[in-house]
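# Structural overview
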Amino acid sequence: MSKSVLIIEDDHNIADLLRLYLEKEGYEVAIAPDGGKGVELFRQMHPSLVLLDLMLPVLNGWGVCRTIRAESDTPIIMLTAKGETTDKVTGLKLGADDYITKPFEMKEVLARIEAVLRRSGVEPEKTAKRLEFDRLIIDMDAFELIVDGKKIDTPPKEMELLYYLASSPNRVYTRNQLLDEVWGFEYLGDSRTVDVHIKRLREKLEGVSDQWTLKTVWGVGYKFEVV
């Protein structure tokens, strides 16, 4: 059975970024923009886990946590810009299972979700992260790039960028989208970072197959084009 996550977060950019990463990991995701809608959606969907922002309109995170805990033992991870120990203690005393302070690394959020689900007896489903195309294998489980039957040494960010593009063939991504979704929303570097990584990937993939290519969409960004 697939696992579901309810994100209760009023920052649309953060909520969308969380959704993108979680859906790629095989989770079903729903988003509520305020505490009132969050409680309502929680009662409708009965999620496997709740990602709960603290500073919310209508009903704040503490109120949402208190309401959910009165009805259910569903795991709750609080997300907040507040880092004070008293806020963490308050959240944990109200029944939150974990607490992450913004800005956060997406890999940390995913690891915390898996850990909390394991502790609660709900094992997250593992999905194979391996893509195969003509003369190309992108294996994120083994962190291997195999081109025309040969393993090619590839830095982690190049692997992640190629995997992300190839996961949605023919979809165009802007540089800023790729920075947000591969490097993380907390990344403060230049968008030319994407160009540099694309250039290095092209050097590894040039002329391998006529069935796919890393293509520049001028004035927009990049896509992994499959013929």
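Note that the structure is predicted; figures quoted are calculated from it, not measured. (Residues numbered from 1 in each chain as written. Predicted model: local features only at pLDDT ≥ 70, side-chain atom pairs only at ≥ 80, totals over all residues. Heavy atoms only, no water.)

Let us look at the pairing of strand S2 (residues 28-32). Strand direction decides the pairing type here: strand S1 (residues 4-8) and S2, joined by 5 bridges, are parallel. Within S2, the position partnered with Ile 7 by the bridge is Ile 31. Taken together, S1, helix H1 (residues 12-24) and S2 constitute a β-α-β crossover, and its handedness is right-handed. (Pairing = 2+ DSSP bridges. Helix = DSSP H or I, 4+ residues; strand = E, 2+ residues; numbered from the N terminus. Right-handed = clockwise from strand over helix to strand, strands pointing away.)

It is worth spelling out the sheet that holds strand S9 (residues 150-152) at this point. Spatially, the 4 strands line up as an open sheet ordered S6-S7-S8-S9, and their pairing is antiparallel. The sheet is open, and its two edges are formed by strand S6 (130-133) and S9, each paired on a single side. Each strand of the sheet is rotated relative to its neighbour by a mean of 20°, with strand direction disregarded. In this structure, S6 lies alongside strand S7 (residues 136-139), joined through 4 bridges in antiparallel fashion. The partner of Glu 132 across the bridge, within S7, is Ile 137. (Axes fitted to C-alpha atoms, helices over the stretch in contact; angles between N-to-C directions.)

Looking at the largest pocket, its volume works out to about 540 Å³. In terms of lining residues, the largest pocket is bounded by 22 residues, among which Tyr 21, Glu 25, Lys 107, Leu 110 and Lys 129 are the most central. Residue assignment for the lining of the largest pocket shows that the elements contributing at least two residues are H1, helix H5 (106-119), helix H6 (156-167) and helix H7 (175-183). Here the residues of the lining of the largest pocket are counted per class, giving 10 nonpolar, 2 polar and 10 charged. (1 Å grid on protein atoms, 1.4 Å probe; cavity = no way out; pocket = protein on both sides within 12 Å on 5 of 7 lines; lining within 4 Å. Points joined across faces, edges and corners; volume = space filled by probe spheres on them. Nonpolar A, V, L, I, M, F, W, Y, C, P; charged D, E, K, R; others polar.)

Before going further, it helps to examine the sheet that holds S1. Taking strand neighbours across the sheet as the criterion, the 5 strands line up as S2-S1-S3-S4-S5 in an open arrangement whose pairing is parallel. At either end of the open sheet lies a strand with only one pairing partner, and these are S2 and strand S5 (98-101). When strand polarity is set aside, the average angle formed by the axes of neighbouring strands in this sheet is 20°. In the packing of helix H3 (residues 61-71) onto the sheet, the strands contacted are S1, strand S3 (49-53) and strand S4 (76-80), and the crossing angle to S4 comes to about 175°. Along the sheet, H5 makes contact with S3, S4 and S5, crossing S5 at roughly 175°. (Contact = heavy atoms within 4.5 Å.)

Moving on, we come to H6. Over its 12 residues, H6 extends 16 Å from the first C-alpha to the last, a length consistent with the 16 Å expected when each residue adds 1.5 Å. When you tally the buried positions in H6, you get 9 out of 12 residues, the bulk of the element. Here H6 has its buried residues at Glu 158, Met 159, Glu 160, Leu 161, Leu 162, Tyr 163, Tyr 164, Leu 165 and Ala 166. (Expected span 1.5 Å × (residues − 1). Buried < 20%, exposed > 50% of the residue type's maximum accessible area, 1.4 Å probe, protein only.)

Structurally, Ile 8 is set in strand S1. On a C-alpha basis, the gap between Ile 8 and Tyr 164 in space is 25 Å, while along the polypeptide they are 156 residues apart. Beyond its immediate stretch of four places on either side in the chain, Ile 8 contacts Ala 32, Asp 34, Gly 35, Gly 38, Val 50, Leu 51, Leu 52, Asp 53, Leu 56 and Val 64.

Looking at where Glu 160 falls in the secondary structure, it is placed in helix H6. For the pair formed by Glu 160 and Asp 97, sequence separation is 63 residues and the distance between their alpha carbons is 30 Å. Residues contacting Glu 160, with those up to four places away along its chain left out, are Lys 107, Met 140, Phe 143 and Val 182. At 3.0 Å, the side chain of Glu 160 forms a polar contact with the side chain of Lys 157. (Polar contact = N/O pair within 3.5 Å; in protein donor to acceptor, adjacent residues only side chain to side chain.)

Here the protein chain averages 88 in pLDDT, while 92% of its residues score no lower than 70. Mean pLDDT values for the elements of the protein chain range from 73 in helix H4 (residues 85-93) up to 96 in S1. (pLDDT = per-residue confidence, 0-100.)

A word on unusual backbone geometry. Note: most residues except glycine have negative phi, and most peptide bonds are trans. In the segment running from Lys 102 into Pro 103, the intervening peptide bond is cis, with an omega of -5°. Position of Pro 103 relative to the elements: it lies in the loop between S5 and H5. The phi torsion at Phe 143 lies on the positive side, around 55°, for a residue other than glycine. Here Phe 143 shows up in the loop between S7 and strand S8 (144-147). By relative accessible area, which is 37% here, Phe 143 ends up partly exposed. Positive phi is not limited to glycine here, since Asp 148 has a value of about 50°. Take Asp 148: it is sitting in the loop between S8 and S9. On the basis of relative accessible area, Asp 148 is assigned to the partly exposed category, the value being 46%.

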